[in-house]
Amino acid sequence: MIYLEVPKSLKPIVNQAHQVAKHVFRPISRKYDRAEHAYPKELDMLAALMDGLSAGGAQRGAGVDGLRRDEQRKDGVRNGANMSTCLGLTELCWGDIGLALSIPRQGLGNAAITAVADGEQKERFDGVWAAMAITEPGAGSDSANIRTTARLDGDEWVLNGEKIYVTAGSRADSVVVWATLDRNLGRAAIKSFVVPHGTPGMEVVRLDKKMGIRASDTASITLTDCRIPRGNLLGNADIDTKKGFGGVMQTFDNTRPIVAGMAVGVARAALEHTRELLEKEGIEVRYHGSLFSKSAAEAELIRMEADWEAGRLLMLKAAWMADNGIPNSMEASMSKAKAARVANRVTLRCVELCGGLGYSEDELLEKWARDSKILDIFEGTQQIQLLIIARRLLGKRSSELR
Amino acid sequence: MDNEKIINEVMGGGLRALNRIADSPLVERLGLEERTQQLVYEGAKRVVETAARAAKRLSTKRPSGRQGSSRKFDLSLSEEQQLMRDTLRRFGDDVMSPAAREADENGAPPADFLAAFSELGAIAMSVPEALGGAAEGVSAVSQMLIAEDLARGDMGLAYAALAPLSFVNAVVSWGDERQQADLLPGFVDGDETAATLAVVEPHPLFDPATLRTTAKKTSSGYVLSGHKSMVALATSTKWFLVAAEIPKVGPRMFIVDRDTDGVSVSDEPTMGLRSAALGRLKLEGARVPQEALLGGDAALKSAGKVAYRDAVDRARVAWGAMAVGASQAVLDYVVPYCNDRVAFGEPISHRQAVAFMIADIAIELESMRMLVYRAAGRIDAGLDGRREAYLARTLCAEKAMEIGTNGVQLLGGAGFIKDHPMELWYRHLRAVGVMDGNLLV
């Protein structure tokens, strides 16, 4: 039966994440925006706090660990790990996206491990903090065209190549690296490998200076004859040209609704705060009467809220599908495309609506407007999402709709 | 009434309604026997169960009300909703779509259209068993799905079909016992289809909460004055449900017979929705009895205020559902068209400029759907739906028209000429931002 409210069963985890966002992230949000590349030591405390919460019997943390695709069940609907993770990230990113991306052991690489790893690997990499390395200087959205190679030599993989834009790439314990087993075999030959920091041959060569999410480290990494155990290839080493990208790309079905959640969080932060500031100017939001009889500011707040709700509900839909074992590639892309573009538009408009106050560093509005831009870029740009959706709708292969 | 009598009456009404559906030649023509049998089976099973419960207490409660607070986020339909959906989609494809163009040109639905719709059982399945119908309870979600699936067939014809259904919904939800007993059986049995809602008024910046139409109290009843706009089936209807402001009380709804002195109706040709035979209703000192007030005298108190607010929310859900259905028709049409249409040596869908427009249609369509579904779900769960219905309307007003205009754009010149239904949908979809009333789920 159609019911689109957040279930009571997930309220504790939402509340828990909100408390962290409010009492841990917000107070230090500006500090680490200014001190880019300084390690937020508060996060160690947070990791301990989260471990304590789970040990104390509270529900699993709000990060990306523990995401898995549940088998479709006959005994009713599930609101499970995918939904609680999205909702948790929403709250954390209401606090601060950069800090949320820096929570130990909650990296995007962890989502990849969960999505692709086999049972033994899941156990072996449990508790690891894994970053995700896909993009290269010559291949961003065009991820089938990566040049990093993996060659089997005895019982070890030998990796060579260069990765950029690796979120948490210097702070994480490990990096999940995308590399090709054979450049001539296209996307089917691309596999993911877990490379622990400290492995000889892997080096962090640079930390990027960025417009937003400055609390999060974004690293460039080189791999030079970097040797890792054979068992660190996630999933299956077979090259199945029919199945294509399937394996590694599955990660995105899990992570895109999460990025949508981040967008929903930062946009809500901006909307709420703008509304508070405008209330002091006598602008009140009322959900009745003709939209055109309202002040432009009130009408704009309502329009933004409607768009924001759309992103939020599309996120919940994609997560609900994953929790119930329903394939959701297109819906995951839809949620990310909508929520991210809305978050960017909303945060920018909120700066504009609040004028000098919005533009000033006295408020966090201008920071949110800088932070939000990355959401429409990483884990697949807006345009890549549109391609995925359009190919699915039109029944086109990537060779036809390029 | 003793228990046995109650059981018999409840079962009688429900089974009569189900029997009519099972008997329908239209069902056979559409090849829906299997679906319908299932629908009838489920309905019959429930009629028996409800009859047993009814012996204890007659209830028109919403079905979800008893599920308590442990509910989960859920996008799945009940079996009955899915069956109704399958039936109405077939009806939309096989009956509504082919009739849409001619009905638009005639400015009226085909002669047998309303009877055919009634035959499918959508009205009987909307009236609770306790009131002689075949529904488990009233459900805004079920009504919303009906509106969506009909509008996917054709939004103009959907407006015609939904006008009497909306009238029935209003009487079920807020009518007093006598109004329900007088009015509902005819609609459940399919003998009666001539009813419509008259809320919208013909002036800019219309707001259903501040009506210009007034209902002044007299010793014997009310005197209604004002104009109502874009009323479906206006010249052929028998019953109007008119929204009017009672001074010092607030907006309320009145059941008005078209033969009342002071009531006049004229055609009102519009940009789209023409197949619903829209008309202008003029009320010039029209005297109606006290009993015309929907819900009776109790409606003068807060119950009537709540009912009217609820009606406004439910109108927004209805038009939102119409927007979703008609936008779905646009998406379903542009996909094969752009795959077949070749330019520069390949299908135009191979170009990102085209493909991205289609992806955006799909994203915004799903966005609208989620907001509309959420508002309806809240109403069924007994939660306040005012904010959600308003946001759904706000989003649909903007995005539905965007989808309409992009649909025409994707077809190019073909979208502008009447060989294709796209220009009709474009005209229909402009109504989403205009209509704020005249239907309800």
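Residues numbered from 1 in each chain as written. Chains lettered and ligands numbered in written order. Predicted model: local features only at pLDDT ≥ 70, side-chain atom pairs only at ≥ 80, totals over all residues.

> Where do I start with the overall build of chain A in this structure?
Looking only at helices and strands, chain A features 12 helices and 7 strands. Whereas a compact globule of 402 residues would reach a radius of gyration of roughly 21 Å, chain A reaches 21 Å, a difference of no more than 12%. Projected onto the principal axes, the alpha-carbon positions of chain A cover approximately 70 × 45 × 45 Å. By the burial criterion, 53% of the 402 residues in chain A qualify as buried. (Helix = DSSP H or I, 4+ residues; strand = E, 2+ residues; numbered from the N terminus. Rg over C-alpha atoms; globule rule 2.2 N^0.38 Å. Buried ≥ 20, exposed ≤ 12 C-beta atoms within 10 Å, placed from the backbone.)

> What should I look at first to understand the overall build of chain B in this one?
When you go through chain B residue by residue, the secondary structure sums to 14 helices and 9 strands. Taken over 441 residues, chain B has a buried fraction of 56%.

> Honestly, the domain arrangement of chain B in this entry has me stumped. Any pointers?
You'll often see interface size given as the accessible area lost when the parts meet. All names here are of chain B. Parsing chain B into structural domains produces domain 1 (3–62 + 76–193), domain 2 (198–300) and domain 3 (302–434). Taken together, the contacts link 19 residues of domain 1 with 17 residues of domain 2. A total of 9 residues in the side of domain 1 that touches domain 2 trace back to one element, the largest contributor, which is helix α7 (residues 155–174). Of the residues in the side of domain 1 that touches domain 2, the class split is 12 nonpolar, 4 polar and 3 charged. (Domains from an automatic or database assignment. Contact = placed C-beta atoms within 7 Å. Nonpolar A, V, L, I, M, F, W, Y, C, P; charged D, E, K, R; others polar.)

> I tried to follow the packing of helix α3 (residues 81–95) of chain A against helix α8 (residues 296–323) of chain A on my own but got confused; where do I start?
Helix packing for two helices is described by the angle between their axes and how far apart those axes are. Residues and elements named next belong to chain A. Between α3 and α8, whose axes approach to 7 Å, the crossing angle comes to 150°. As the angle between them shows, α3 and α8 are arranged roughly antiparallel. Counting all contacts with α3, which are made through Ala81, Asn82, Met83 and Cys86, the residues of α8 involved are Met315, Leu316, Ala319, Trp320, Ala322 and Asp323. Considered class by class, the residues forming the contact of α3 with α8 number 8 nonpolar, 1 polar and 1 charged. (Axes fitted to C-alpha atoms, helices over the stretch in contact; angles between N-to-C directions. Parallel < 35°, antiparallel > 145°, perpendicular 65-115°, else oblique.)

> Just to check I follow, could you spell out the nonpolar core for this structure?
Note on soluble globular proteins: their nonpolar side chains tend to be buried together. Residues A:Ala263, B:Phe254, B:Val317, B:Ile358 and B:Val372 are the most contacted members of the largest nonpolar core, which totals 276 residues. Per element, the largest residue contribution to this core is 18 residues, and it comes from helix α9 (residues 302–340) of chain B. Not counting residues up to four positions away in its chain, the partners in contact with B:Ile358 are A:Ala390, A:Leu393, A:Leu394, B:Val334, B:Val335 and B:Cys338. (Core = buried A, V, L, I, M, F, W, Y, C linked by C-beta atoms within 7 Å.)

> Where do I start with unusual backbone geometry in this structure?
Phi is mostly negative for residues that are not glycine, and the peptide bonds are mostly trans. All names here are of chain A. Unlike most non-glycine residues, Tyr165 shows phi in positive territory, near 55°. Mapping Tyr165 onto the fold places it in strand β3 (residues 156–167). In this structure, Ala168 takes a positive phi of about 60° despite not being glycine. Examined against the element boundaries, Ala168 turns out to sit in the loop between β3 and β4 (174–180).

> Sorry if this is basic, but what is going on with the pairing of β4(A) here?
Moving residue by residue along a regular strand, the side chains alternate between the two faces of the sheet. Residue and element names in this part refer to chain A. Counting buried residues along β4, 7 of its 7 residues qualify, which places the element largely inside the surrounding structure. Neither face of β4 is open: one carries Ser174, Val176, Trp178 and Thr180, the other Val175, Val177 and Ala179, and all of them are buried. Sheet analysis places β4 next to strand β5 (residues 190–196), joined by 7 bridges and oriented antiparallel. Pairing of Ala179 across the sheet is with Lys191, part of β5. (Pairing = 2+ DSSP bridges.)

> Which parts of the structure should I look at to understand the interface of chain B and chain A?
Chain B puts 40 residues into the contact, and the matching count from chain A is 41 residues. Elements that contribute at least two residues to the side of chain B that touches chain A include exactly α9, α10 (352–380) and α11 (386–411) of chain B. Here the element with the most residues in the side of chain B that touches chain A is α10(B); it accounts for 14 residues. Per-class residue counts for the side of chain B that touches chain A are 21 nonpolar, 11 polar and 8 charged.

> Is there a simple way to think about helix α13 (residues 422–429) of chain B in this case?
Along an α-helix, residues three or four apart share an orientation, since each turn contains 3.6 residues. Residues and elements named next belong to chain B. Extensive coverage of α13 is indicated by the burial of 7 of its 8 residues. Buried within α13 we find Met422, Glu423, Leu424, Trp425, Tyr426, His428 and Leu429. Of the surrounding secondary structure, the elements contacted by the buried residues of α13 are α4 (79–106), α7, α9, α11, α12 (413–416) and α14 (431–434).

> It is not clear to me how the domain arrangement of chain A should be interpreted in this structure. Could you clarify?
All names here are of chain A. By domain assignment, chain A separates into domain 1 (8–110), domain 2 (128–232) and domain 3 (246–394). Contributing elements (two or more residues each) for the side of domain 1 that touches domain 3: α1 (11–34), α3 and α4 (97–100). Top element by residues in the side of domain 1 that touches domain 3 is α3. It accounts for 12 residues.

> In this structure, what is going on with the confidence of the model for chain A? I would like to understand it.
For chain A, the average pLDDT comes to 91, and 92% of its residues sit at 70 or higher. Low pLDDT, under 50, characterises residues 57–63 of chain A; the predicted model gives this stretch 21 contacts beyond four residues in sequence or across chains. (pLDDT = per-residue confidence, 0-100.)

> So what exactly am I meant to see when it comes to the environment of B:Trp174 here?
Residues and elements named next belong to chain B. With respect to the helices and strands, the residue Trp174 is situated in helix α7. Classification of Trp174 as buried rests on a count of 24 C-beta atoms within 10 Å. Along the backbone, Trp174 and Met253 are 79 residues apart, and their C-alpha atoms lie at a distance of 9.5 Å. Those residues in contact with Trp174 that lie beyond four places of it in its chain are Leu294, Gly295 and Ala307.

> Would you mind going over the environment of A:Ala318 with me for this structure?
Residues and elements named next belong to chain A. One can find Ala318 in helix α8. Residue classification places Ala318 among the buried positions, given that 31 C-beta atoms sit within 10 Å. Contacts of Ala318, omitting those with residues within four sequence positions, involve Pro257, Asn328, Glu331, Ala332 and Ser335.

> For this particular structure, what's the right way to read the environment of A:Ser141?
All names here are of chain A. As for its position among the elements, Ser141 is in the loop between β1 (130–133) and β2 (149–153). Assessed through the 13 C-beta atoms surrounding it within 10 Å, Ser141 is described here as partly exposed. Along the primary structure Ser141 and Gly380 are separated by 239 residues, whereas in three dimensions their C-alpha atoms are 6.5 Å apart. If sequence neighbours within four positions are ignored, Ser141 has contacts with Thr381 and Ile384.

> When you look at the confidence of the model for chain B in this model, what are you seeing that I'm missing?
A low pLDDT score tells you not to read the predicted coordinates there in detail. Residue and element names in this part refer to chain B. For chain B, per-residue confidence averages 91 on the pLDDT scale, and 88% of positions sit at 70 or higher. Here residues 55–61 is a poorly scored stretch, pLDDT under 50, and it has 12 contacts once near neighbours within four places are set aside; other chains count. In the predicted complex, the global pTM is 0.92; the interface-specific ipTM is 0.94.

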